[in-house]
Amino acid sequence: MFPFRIGMGYDVHKLEQGLPFMLGGIRVEHHSGAVGHSDADVLLHAICDALLGAAGLRDIGFHFPDNNVAYKGIDSRKLLAETCRKIWEQGWTIGNVDCTIALQSPKISGYINDMQSEIERITQTASGSVSVKATTTEKLGFTGREEGVAAWAVALIHKQD
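A.B. asks: How would you sum up the packing of helix α3 (residues 76-89) against helix α4 (residues 112-123)? Please name residues and give values.
C.D. replies: Relative orientation of the contacting elements α3 and α4 amounts to 40 degrees, with a least axis distance of 9 Å. By the criterion of interaxial angle, the relationship of α3 to α4 is oblique. Residues R77, L80, A81, C84 and W88 of α3 touch α4, and the partners they reach there are E118, I119, I122 and T123. For the contact of α3 with α4, the per-class residue count stands at 6 nonpolar, 1 polar and 2 charged.

Following this line, the structure appears as structure tokens:
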């Protein structure tokens, strides 16, 4: 078996006024938040899918289905921690994670360092192992109209020695 694997994750959530906005395990101040069965942290969900995919363990919906009341309103940091446990049990170590968030508003550059630190803490990776980037869609599409937020993540995992 090849000792390295790469996985890619993608998630999207609708934004709605009056909800808390969790992104990368950090609460972002904004008039709208993401709608979902859990806390709707689109970034952590994309990371879960990237890690699970790299390990060949299907996807976040398979492991944490949205029709299971146990996951209703759950903190997505718990989902990421459980995802990490699943891949560690298979003998994999997380090398790095690279992420992109697409949203028109709010500007999140002031939150990125905290997001990276929180993701590194949960994934037990070294400082600098997680990259979070943000982009707008130049007011195009659902993110440009501020109807939703999207995130992509790529993860490298490798077999432990």
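A.B. asks: Lay out the packing of aromatic side chains in plain terms, naming residues and giving numbers.
C.D. replies: Across all of its chains, the model carries 3 aromatic pairs by this definition. An angle of 45 degrees between the planes, with centres 5.2 Å apart, marks the rings of Y10 and W152 as tilted. Residue Y10 is found in strand β1 (residues 4-17), and its partner W152 is found in strand β7 (residues 148-159); the two are separated by 142 residues along the sequence. Here K159 stacks its cationic end above the ring of W92, 4.4 Å away from the centre of that ring.

A.B. asks: For the pattern of salt bridges, give the residues involved together with the corresponding values.
C.D. replies: The tally for this structure, following the rule as stated, stands at 8 salt bridges. Residue K86 pairs with E82 through a salt bridge whose shortest N-O separation is 3.8 Å. One end of the pair is K86 and the other is E82, both in helix α3 and 4 residues apart, which spans about a single turn. A salt bridge links D98 to K133, with the nearest nitrogen and oxygen atoms 2.5 Å apart. Of this pair, D98 sits in strand β5 (residues 92-102) while K133 sits in strand β6 (residues 130-135); the two residues are 35 residues apart in sequence, bridging distant segments of the chain. Residue classification places D98 among the partly exposed positions, given a relative accessible area of 32%. A residue is classified by how much of its surface remains accessible, and K133, at 33% relative accessible area, is partly exposed. When salt bridges with common partners are traced through the structure, they connect D75, R77, E118 and R121 into a single cluster.

Conventions and cut-offs
Residues numbered from 1 in each chain as written. Predicted model: local features only at pLDDT ≥ 70, side-chain atom pairs only at ≥ 80, totals over all residues. Heavy atoms only, no water. Axes fitted to C-alpha atoms, helices over the stretch in contact; angles between N-to-C directions. Helix = DSSP H or I, 4+ residues; strand = E, 2+ residues; numbered from the N terminus. Parallel < 35°, antiparallel > 145°, perpendicular 65-115°, else oblique. Contact = heavy atoms within 4.5 Å. Nonpolar A, V, L, I, M, F, W, Y, C, P; charged D, E, K, R; others polar. Phe/Tyr/Trp six-rings, centres within 6.5 Å; stacked < 30°, edge-to-face > 60°. Lys NZ or Arg CZ within 6 Å of the ring centre and 35° of its normal. Salt bridge = Lys/Arg side-chain N within 4 Å of Asp/Glu carboxyl O. Buried < 20%, exposed > 50% of the residue type's maximum accessible area, 1.4 Å probe, protein only.

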